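# Geometric and topological summary
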Amino acid sequence: MSLEKYTWDLVNCERCSMCKWVHPWSVQSKERAMICPSLKKYLYDAYSVQGRFDLARALTEGEVELTDKALEVIYTCTLCGACDVTCKFTRDMEPLEILHELRKYCVEQGKGPLPGHMPAVDSIKKNNNPWLQPATRRGHWARKLNVKDLNKEKGDVLYFAGCTYSYNANLQNVARTTLGLLQNAGVDVGILGANERCCASPVVKVGMFEMFQEHARNNIELFNSLGVKTIITSCAGCYGVFKSQYPAIGKMDFEVKHSMEYIDQMILDGKLKFTKEVPLKVTWHDPCHAGRGGEPQDLWEGVRVKWGLSDPPRQRNYGTHGVYDPPRNILKAIPGVELIEMERIREFSWCCGAGGGAKSAFPEFAVETAKERVQEAKQTGASALITSCPWCESNLQDGAIADSGGIEVMSLVELLEKAL
Ligand code: SF4
Ligand code: SF4
């Protein structure tokens, strides 16, 4: 695929601006009507997907060059996918695919990724994680646990901790607790320890598609060789890429679930019982890659025919089939917890600001976006902002600090622990 494949979309964009706003039926206030974080920050059309379409067309037709400013426009996007959902109310187009394609174009031209992305990219090449940590320490988060090693024995379920929950000392407890919940419920679960490798989401997000393909292919081969039925991860980044991008790389002989889906089912089956009350008003942040990005994609490979119709016809992704209900069911099941929703939720959720390489290349933009989410959360009157994604969690924590605190940012599993 290349940008040329999307010429019809680039030329036929309506310039209707639907991609900049929460869908009109779901807008609750003018303060929270915007949906594109980069447009909100930079307040110029080029920083919306509509403007990026113009840039992509101009680049492919040789009207403009890939200057530093053009690179900034392309990479100050969190790839949150909100524009993709809202555009589809107007047009049968794929804005998110085009945003990915633009980054691939930058890499092909030798201009991308940006210097701010390179430490993570180099570390994935060298250590199989973006955190500049030795690969040999990857399984240390579980070294005191009695857990099956799937490198040596068979099991039904692989718990895939992901790079951030494996290495970040402040977040490792999420992986340990989730694994403990699965074991206590009698799930035949194991881990890969030091042999687990990065899902490569950070490299595909910055446009390094060939490197991504190689990592994804290796991972699929490894997972298939284990003979597991299910892979469970707590990281929304890993989940989103396994669910939406891996299927195009190779056949997967296993299903992928976010831990929230599995825990929700465990509660329904009576395998997880709460013993304590947690009197707390909370609000829930939908991670983009478990919500909009967690929806299985239609791997359509067709052509545009007359009037732009797709041949063969394809299914449109409206972002509505992501992991939205399981966290809400879990929160409602915890005794004492009261869930109060924010204005922008589910497929119209406001991004935390950390995605698409924004946190490493444009940290101020990332934190400002998180600060807006924290303010939206505070407006509900909740004392805690709950989520289940290591990127969202750490960036929202930075956003809360920038907004002088006043709300606790917590992982869903941390909250669950209080009730057990
Ligand atoms: S909503 Fe879609 S068609 Fe309308 S301006 Fe945005 S990208 Fe173009
Ligand atoms: S993916 Fe998100 S940040 Fe990027 S253009 Fe679309 S709405 Fe804006």
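Residues numbered from 1 in each chain as written. Chains lettered and ligands numbered in written order. Predicted model: local features only at pLDDT ≥ 70, side-chain atom pairs only at ≥ 80, totals over all residues. Heavy atoms only, no water.

## Considerations on the packing of helix H3 (residues 49–60) against helix H6 (residues 95–108)
Between H3 and H6, whose axes approach to 11 Å, the crossing angle comes to 45°. Between H3 and H6, the angle is such that the two are oblique. Considering only the axes of H3 and H6, their crossing is left-handed. Residues Val49, Arg52, Phe53, Ala56 and Leu59 of H3 form the contact with H6, whose participating residues are Pro95, Ile98, Leu99, Leu102 and Tyr105. Its residues placed into classes, the contact of H3 with H6 shows nine nonpolar, no polar and one charged. (Axes fitted to C-alpha atoms, helices over the stretch in contact; angles between N-to-C directions. Helix = DSSP H or I, 4+ residues; strand = E, 2+ residues; numbered from the N terminus. Parallel < 35°, antiparallel > 145°, perpendicular 65-115°, else oblique. Left-handed = near helix turned anticlockwise from the far one by under 90°. Contact = heavy atoms within 4.5 Å. Nonpolar A, V, L, I, M, F, W, Y, C, P; charged D, E, K, R; others polar.)

## A word on the sheet that holds strand S6 (residues 280–284)
Here we have four strands laid out as an open sheet, ordered S9-S6-S10-S11, and parallel in their pairing. Strands at the two margins of the open sheet, each flanked by one partner only, are strand S9 (337–339) and strand S11 (408–411). Pairwise comparison of adjacent strand axes, ignoring direction, gives a mean angle of 35° for this sheet. Pairing of strand S10 (residues 384–387) with S11 involves four bridges; the strand directions are parallel. Residue Leu385 lies in a different strand from S11, and its bridge partner there is Val409. (Pairing = 2+ DSSP bridges.)

## So, the layout of surface pockets
Roughly 650 Å³ of volume is contained in the second largest pocket. When contributions to the lining of the second largest pocket are tallied by element, the ones reaching two or more residues are helix H7 (118–127), helix H8 (163–167), helix H10 (201–205), helix H12 (236–244), helix H15 (358–361) and helix H17 (390–402). For the lining of the second largest pocket, the element with the most residues is H17, which contributes five residues. Its residues placed into classes, the lining of the second largest pocket shows 24 nonpolar, 14 polar and two charged. (1 Å grid on protein atoms, 1.4 Å probe; cavity = no way out; pocket = protein on both sides within 12 Å on 5 of 7 lines; lining within 4 Å. Points joined across faces, edges and corners; volume = space filled by probe spheres on them.)

## A short note on the environment of Ala194
Position of Ala194 relative to the elements: it lies in the loop between strand S3 (189–191) and H10. Residue classification places Ala194 among the partly exposed residues on the basis of a relative accessible area of 40%. Separated by 46 residues in sequence, Ala194 and Gly240 have C-alpha atoms that sit 22 Å apart. Residues within four places of Ala194 in sequence aside, it is in contact with Ala135, Thr136, Arg138 and Gly139. (Buried < 20%, exposed > 50% of the residue type's maximum accessible area, 1.4 Å probe, protein only.)

## Here we look at the site of ligand 2
In the vicinity of ligand 2 lie 13 residues, with Cys36, Arg52, Cys77, Cys80 and Cys83 positioned nearest. Those elements that place two or more of their residues in the shell around ligand 2 are helix H2 (37–42), H3 and helix H5 (82–87). Of the residues assigned to the shell around ligand 2, the class counts are nine nonpolar, three polar and one charged. (Near = heavy atom within 4 Å.)

## Concerning the side chain of Arg32
Among the structural elements, Arg32 can be located in the loop between helix H1 (7–12) and H2. Non-local contacts of Arg32, meaning those with residues more than four positions away in its chain, are made with Val22, Glu343, Arg344, Glu372, Gln375, Glu376 and Gln379.

## Looking at the environment of Pro119
Along the chain, Pro119 turns up in helix H7. Given the relative accessible area of 42%, Pro119 is considered partly exposed. C-alpha separation for the pair Pro119 and Gly180, spaced 61 residues apart in sequence, amounts to 33 Å.

## Considering the site of ligand 1
Neighbouring ligand 1 are the residues Cys13, Glu14, Arg15, Cys16, Ser17, Met18, Cys19, Val49, Gln50, Phe53, Cys87 and Arg91. In terms of residue count, the dominant contributor to the shell around ligand 1 is H3 (three residues). In terms of residue class, the shell around ligand 1 is made up of seven nonpolar, two polar and three charged.

## Overview of the domain arrangement of the protein
Entries for the protein in the domain assignment read domain 1 (1–112) and domain 2 (116–268). With centres defined by C-alpha atoms, the gap from domain 1 to domain 2 works out at 30 Å. Each side of the interface is counted separately: domain 1 has six residues, and domain 2 has eight residues. Summed over both partners, the interface of domain 1 with domain 2 comes to about 580 Å²; 64% of that surface belongs to carbon and sulfur atoms. Among the residues of domain 1 in contact with domain 2, Tyr75, His100 and Lys104 are the three that bury the most area, contributing 60% of the side total. Joining domain 1 to domain 2, the criterion identifies zero salt bridges. The leading source of residues in the side of domain 1 that touches domain 2 is H6, at four residues. Of the residues that constitute the side of domain 1 that touches domain 2, the class distribution is three nonpolar, one polar and two charged. (Domains from an automatic or database assignment. Buried area = accessible area lost by both parts, 1.4 Å probe. Salt bridge = Lys/Arg side-chain N within 4 Å of Asp/Glu carboxyl O.)

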